[in-house]
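# Close look at the chain arrangement
What follows is each chain in one-letter form.
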Amino acid sequence: TASPVTASSAPASSVSGLARPTVDALRAKILHHLEYTLAKDAGHSSRYDWRMATSFAIRDEMLKPWFAATRQTYDTGAKRVYYLSMEFLIGRLLEDAMINLGLHETIAAALAAEGQTLSDIIEDEPDAALGNGGLGRLAACFLESMATVGVPAHGYGIRYEHGLFRQRFEGGQQVETPEDWLSQPHPWEFARPEAAYIVGFKGHSELRRGKSVWVPGETVKASAYDTPVVGWQGKWASTLRLWAGLPTTQFDLERFNNGDYTAAAAPEALARTLSRVLYPDDTTPAGKELRLKQEYFMTSAALQDILRRYQSQFSTLADLPKHVAIQLNDTHPAIAGPELMRLLMDQHDMGWDEAQTVARATLGYTNHTLLPEALERWSTYLMGSVLPRHMEIIQRIDEDHAKAHKRPPSVGIVQHNEVKMGDLAFIMSHKVNGVSALHSELVKETVFHDLHKLHPDRITNETNGVTPRRWMRLSNPALSTLLDETIGEGWTRDLDHLKTLEPFAQDAAFREKFAAAKRANKVALAGWVQDTMGIDINPDAMFDIQIKRLHEYKRQLLNCFETIALWHNMRQTPDAGWTPRVKFFGGKSAPGYFVAKEIIHLINDVARTINADPVTGHLLKVVYPPNYNVSMAQRLIPAADLSEQISTAGKEASGTGNMKLTLNGALTIGTLDGANVEIRDLVGADNFFLFGLTADGVEKRRKNINHAREAIEDSQNLRDVLQMIVEGRFSPEEPDRYHGLVDRAWHHDHYLVAADFDSYWEAQRAADALYRTPQDWNRKAILNVARSGFFSSDRTIRGYMADIWDVPSALKD
Ligand code: RUG
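Just so it is clear, the structure is predicted and the values come from calculations on it, not from any experiment.

Within the chain one finds 32 helices and 24 strands. What you see for the chain is a C-alpha radius of gyration of 27 Å, in line with the 28 Å of a compact globule of 813 residues. Expressed along its principal axes, the backbone C-alpha trace of the chain runs to roughly 85 × 70 × 60 Å. Across the 813 residues of the chain, 52% fall into the buried class. Of all intrachain contacts in the chain linking residues separated by at least 6 positions in sequence, the fraction that spans at least 24 positions is 77%.

Here it is in structure tokens:
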């Protein structure tokens with residue numbers, strides 16, 4: 001079959017050779033786009049115009065590797081990977097593309113020649129926040145790593161008009177406003193109106209000549225938008241294909257002409273609803289029809305597209321798993337099992353058994369959580385009414401499974417009038433993976449205990465990773481340059497090269513350079529905090545950073561309590577030789593998550609009180625910048641000294657912020673949870689501040705119903721903290737504001753804040769002590785960097801390729 005590369009002028013360059021344009025050539029390109037794409041005169045162009053023209057010039061450079069990778073994949077019939085995810089937290093793309101194409105300096109010079117400053121233009125780009133947190137950012141790192149490692153890959157998701165909400169603080173409380181990244185054209189995407197599929201909902205399923213046929217009651221069209229993602233040095237590229245909802249019916253002109261404007265626009269409004277907003281919660285099932293519809297919309301469009309592409313290259317659908325691997329990012333696309341079977345059976349005449357075998361061999365499922373409330377369940381009523389044909393298929397899959405295995409009564413996809421999407425994803429996948437070593441073991445022992453016994457070879461582990469291009473080269477140029485000078489540039493492609501940095505930890509001259517890079521990042525962050533928040537912070541204080549979604553299990557409250565205790569102690573003995581600290585918090589709460597929002601309020605109230613205290617002003621500051629997002633993470637992480645990874649053991653599946661902070665030379669204070677365990681094993685127990693109960697210890701401690709009260713009674717520090725809060729010390733205008741919170745701390749401390757408090761306090765004081773001997777601190781920080789090579793998402797992707805997808809790299813080296 002002809003390769004459907006979509007432009008007539010596809011360049012002849014091979015994937016491995018990338019000719020870099022000169023400054024003059026890029027300058028001319030930018031001016032060309034300014035004039036011919038944006039119809040603007042350089043003399044009258046705004047920053048937005050310059051950014052768009054620069055983006056188009058860079059995008060042109062992305063096309064070469066993108067075309068070449070696409071061609072090679074078609075020409076060789078290589079196996080493809082499809083990553084289905086409801087979230088892709090991609091952030092800004094301009095600088096990432098420039099860095100991967102090696103054009104950073106060239107573009108800076110080309111813009112300078114036009115009197116423009118590259119950093120201003122980079123800052124002008126809105127963050128594409130099509131995700132909530134770790135799960136969505138992981139998907140974005142994977143796309144970039146697949147493009148670096150050489151995997152023929154597509155990511156499939158939804159082109160949400162409104163990504164994750166913007167967060168403001170009003171009187172210290174979180175207020176959400178809509179995010180509108182698409183209010184300006186998105187320069188990286190290509191609309192593909194020719195790639196459109198009909199997706200049905202509701203209706204009924206009927207038998208026609210012995211075959212079930214679904215007659216949907218509603219239909220929408222999924223229309224594709226493609227964004228290229230280039231890997232390091234532009235050797236390969238992957239594609240992010242996002243679906244937008246469009247109506248299937250033509251515009252009702254007659255109604256419109258009769259003045260019934262609302263009715264005329266109704267089908268369009270309904271279809272667009274599907275791609276209107278990102279579901280702003282990553283931990284609890286929505287229980288909403290719209291969410292289920294969104295999941296099915298994305299999954300069905302992706303699977304139809306995958307089968308269409310497959311059939312343009314190969315003839316036998318039975319061979320699908322030889323040429324295609326589909327990865328389900330969490331249970332959100334778990335309807336893929338029944339949907340793939342439906343398409344194979346109802347549209348391609350495959351028999352039941354074969355369709356099930358083919359689907360299972362093609363699909364893999366990644367579990368990201370053990371929290372029971374985050375494992376999706378849909379009522380059989382909702383599933384049956386929104387997706388009646390799928391409900392039939394699910395029931396039969398469940399029956400087949402029951403017949404084939406002697407299962408205990410606890411096993412079953414459909415139970416208590418609910419469809420358990422985790423069990424469905426497990427049963428319909430050939431491999432199920434957890435995202436850290438500890439998490440994968442806990443998955444076997446807890447959520448999938450019974451299924452694991454029936455299928456002992458199915459669960460595997462792929463510890464998460466992060467891309468060193470964005471999370472070091474782009475965000476930390478000071479340290480990147482030092483690494484290049486010291487060990488060469490090889491670390492960018494192979495992060496294991498960082499190992500060669502290890503001997504430099506003993507080298508005083510290197511330690512000084514390392515400390516200077518960190519200090520420069522801290523000075524830059526301090527300037528930004530001063531400019532944006534008006535808070536004066538000391539760059540020589542320890543920068544202690546907790547950045548992540550607000551959730552009780554992540555225990556921002558523990559950090560907040562410790563901050564109060566520290567302040568209280570500092571006030572009592574201001575001259576006791578305290579290590580100055582700046583505590584940074586960053587993160588959003590789900591809009592309906594009352595307890596998390598109350599914690600945000602408390603942190604802001606505590607910040608207000610502490611930051612106004614003249615006694616401790618030189619010792620302690622609390623900074624909570626609103627609207628934490630990918631770009632803010634890029635600013636904070638390189639400046640961190642201490643990384644707060646303090647979740648209740650057994651609750652954080654992996655974490656990825658913990659990896660970014662380690663890579664950037666922060667020491668971790670953390671529990672034995674998620675990937676912290678592997679971080680500590682690799683960097684060495686001496687270079688990590690461990691505290692708290694283990695996952696086993698947590699379970700045991702919970703059995704004592706008085707665990708919180710006993711811990712509080714044993715801790716003078718914690719008692720003082722709770723007393724200050726309850727007296728209204730941080731909320732004098734409303735002294736009883738936190739009575740509920742304090743009451744829960746005494747009586748409903750599900751995440752064991754009290755039980756871990758003293759141990760956390762001790763670990764914090766150990767961190768203080770070490771920070772006072774900078775040589776030792778820096779030596780340990782360097783060892784953290786040198787030993788963090790394992791946490792590259794390139795390594796994670798290689799793991800998926802070998803263990804789950806059975807896909808080799810398309811690159812030769
Ligand atoms: O909470 C987990 C993180 O521990 C993990 O690092 C990340 C990527 O694997 O996924 C997060 N997650 C889990 N986000 N949503 C969920 C539950 O659906």
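Our focus in this paragraph is the domain arrangement of the chain. Along its sequence, the chain is carved into domain 1 (22-76 + 102-126), domain 2 (79-92 + 132-166 + 176-462) and domain 3 (468-796). Each of domain 1 and domain 2 has a C-alpha centre, and the two are 34 Å apart. Contacts between domain 1 and domain 2 engage 15 residues on the former and 15 residues on the latter. The element contributing the most residues to the side of domain 1 that touches domain 2 is helix H2 (residues 47-76), with 11 residues. When the residues that make up the side of domain 1 that touches domain 2 are grouped by side-chain class, the tally is 10 nonpolar, three polar and two charged.

A few words on the sheet that holds strand S20 (residues 581-586). An order of S21-S20-S19-S22-S23-S24 is seen for the six strands of this open sheet, with the pairing classed as parallel. Since the sheet does not close on itself, it has two edges, and those belong to strand S21 (620-623) and strand S24 (689-690), each with one partner. When strand S19 (residues 542-547) meets strand S22 (residues 642-645), the two strands line up parallel, connected through two bridges. Residue pairing for S22: Asp544 is matched across the bridge by Leu642.

Around the ligand lies a shell of 18 residues, among which Gly134, Leu135, His368, Ala653 and Ser654 are the nearest. Classifying every residue of the shell around the ligand by side-chain character gives five nonpolar, 10 polar and three charged. Taken domain by domain, the makeup of the shell around the ligand includes at least three residues from each of domain 2 (79-92 + 132-166 + 176-462) and domain 3 (468-796).

By the secondary structure assignment, Lys202 is in the loop between strand S7 (190-201) and strand S8 (204-208). Between the C-alpha atom of Lys202 and that of Pro388, which follows or precedes it by 186 residues, the distance is 6.5 Å. Beyond its immediate chain neighbours, meaning those up to four positions away, Lys202 contacts Pro216, Gly217, Glu218, Ser385 and Val386.

As a further point, take helix H1 (residues 23-37). Helix length check: H1 (15 residues) gives 20 Å between terminal C-alpha atoms against 21 Å at 1.5 Å per residue, within 8%. Elements in contact with the buried residues of H1: H2 and helix H4 (104-113). Downstream of H1 by a residue or two, Ala39 has a phi angle that is positive, lying close to 55°.

In this model, helix H6 (residues 134-149) (16 residues) spans 21 Å end to end at C-alpha, consistent with the 22 Å of a helix rising 1.5 Å per residue. With 16 of its 16 residues buried, H6 lies for the most part within the structure. With its phi angle positive at about 95°, Gly150 sits one or two positions after the end of H6.

Further remarks concern the packing of helix H11 (residues 336-347) against helix H12 (residues 352-362). The N-to-C vectors of H11 and H12 enclose an angle of 135°; their axes lie 9 Å apart at closest approach. One way to sum up the angle between H11 and H12 is to call them oblique. You can see that H11 and H12 cross each other, and the crossing is right-handed. Seen from H11, the contacting residues are Gly337, Leu340, Met341, Leu344 and Met345; seen from H12, they are Trp352, Ala355, Gln356, Val358, Ala359 and Thr362. Class assignment of the residues belonging to the contact of H11 with H12 gives a composition of eight nonpolar, three polar and no charged.

Strand order across the open sheet formed by three strands is S14-S16-S15, with antiparallel pairing between neighbours. The two strands at the open ends of the sheet, each matched to only one other strand, are strand S14 (377-379) and strand S15 (414-415). Sheet analysis places S14 next to strand S16 (residues 418-420), joined by three bridges and oriented antiparallel. Counterpart to Arg377 in the pairing with S16 is Lys420.

It is worth spelling out the UniProt feature "modified residue: N6-(pyridoxal phosphate)lysine" (unreviewed entry) in the chain at this point. Listed under "modified residue: N6-(pyridoxal phosphate)lysine" (unreviewed entry) in the UniProt record, and renumbered for this structure, are Lys660. Here Lys660 falls in the buried class, since 30 other C-beta atoms lie within 10 Å of it. Filtering out sequence-adjacent residues up to four positions away, Lys660 remains in contact with Val466, Trp471 and Ile637.

The buried count for strand S11 (residues 237-247) comes to nine of 11 residues, which makes it a mostly enclosed element. Of the pairings in the sheet, the one linking strand S4 (residues 153-158) to S11 comprises five bridges and is parallel in character. Looking at S11, one finds that Gly155 is bridged to Leu240. Where strand S10 (residues 218-230) and S11 come together, 11 bridges link them in antiparallel fashion. Counted as the bridge partner of Pro228 is Thr239 from S11. The hairpin formed by S10 and S11 contains six residues between the paired strands, and Gln233 there has a positive phi angle of roughly 60°.

Let's shift gears to the confidence of the model for the chain. Scored by pLDDT, the chain comes out at a mean of 95, with 97% of its residues at no less than 70. Per-element confidence in the chain is highest for S22, whose mean pLDDT is 99, and lowest for helix H7 (residues 253-257), whose mean pLDDT is 86.

Turning to unusual backbone geometry, a few remarks are in order. We note that Gln233 has phi near 60°; this positive angle belongs to a residue other than glycine. Counting through the fold element by element, Gln233 comes out in the loop between S10 and S11. You will see that Asp349, though not glycine, has its phi angle at about 60°, which is positive. In this structure, Asp349 sits in the loop between H11 and H12. Its 10 C-beta neighbours within 10 Å are what place Asp349 among the exposed residues.

Remark: helix H9 (residues 289-313) packs on H11, axes separated minimally by 10 Å, with the N-to-C direction vectors making an angle of 45°. Considered as vectors, H9 and H11 are oriented oblique to each other. You can see that H9 and H11 cross each other, and the crossing is right-handed. Note on element contacts: H11 touches H9 through Ala336, Glu339, Leu340 and Leu343, opposite Thr299, Ser300, Leu303, Gln304 and Leu307. In terms of residue class, the contact of H9 with H11 is made up of five nonpolar, three polar and one charged.

The next thing to look at is the pairing of S10. Bridging between S7 and S10 involves nine bridges; their strand directions are antiparallel. From the neighbouring strand, Tyr197 faces S10, where its bridge partner is Ala222.

Reading guide: rules and limits
- Residues numbered from 1 in each chain as written.
- Predicted model: local features only at pLDDT ≥ 70, side-chain atom pairs only at ≥ 80, totals over all residues.
- Helix = DSSP H or I, 4+ residues; strand = E, 2+ residues; numbered from the N terminus.
- Rg over C-alpha atoms; globule rule 2.2 N^0.38 Å.
- Buried ≥ 20, exposed ≤ 12 C-beta atoms within 10 Å, placed from the backbone.
- Contact = placed C-beta atoms within 7 Å.
- Domains from an automatic or database assignment.
- Nonpolar A, V, L, I, M, F, W, Y, C, P; charged D, E, K, R; others polar.
- Pairing = 2+ DSSP bridges.
- Near = placed C-beta within 6 Å.
- Expected span 1.5 Å × (residues − 1).
- Axes fitted to C-alpha atoms, helices over the stretch in contact; angles between N-to-C directions.
- Parallel < 35°, antiparallel > 145°, perpendicular 65-115°, else oblique.
- Left-handed = near helix turned anticlockwise from the far one by under 90°.
- UniProt positions renumbered as here; feature names shortened; annotations may be inferred.
- pLDDT = per-residue confidence, 0-100.

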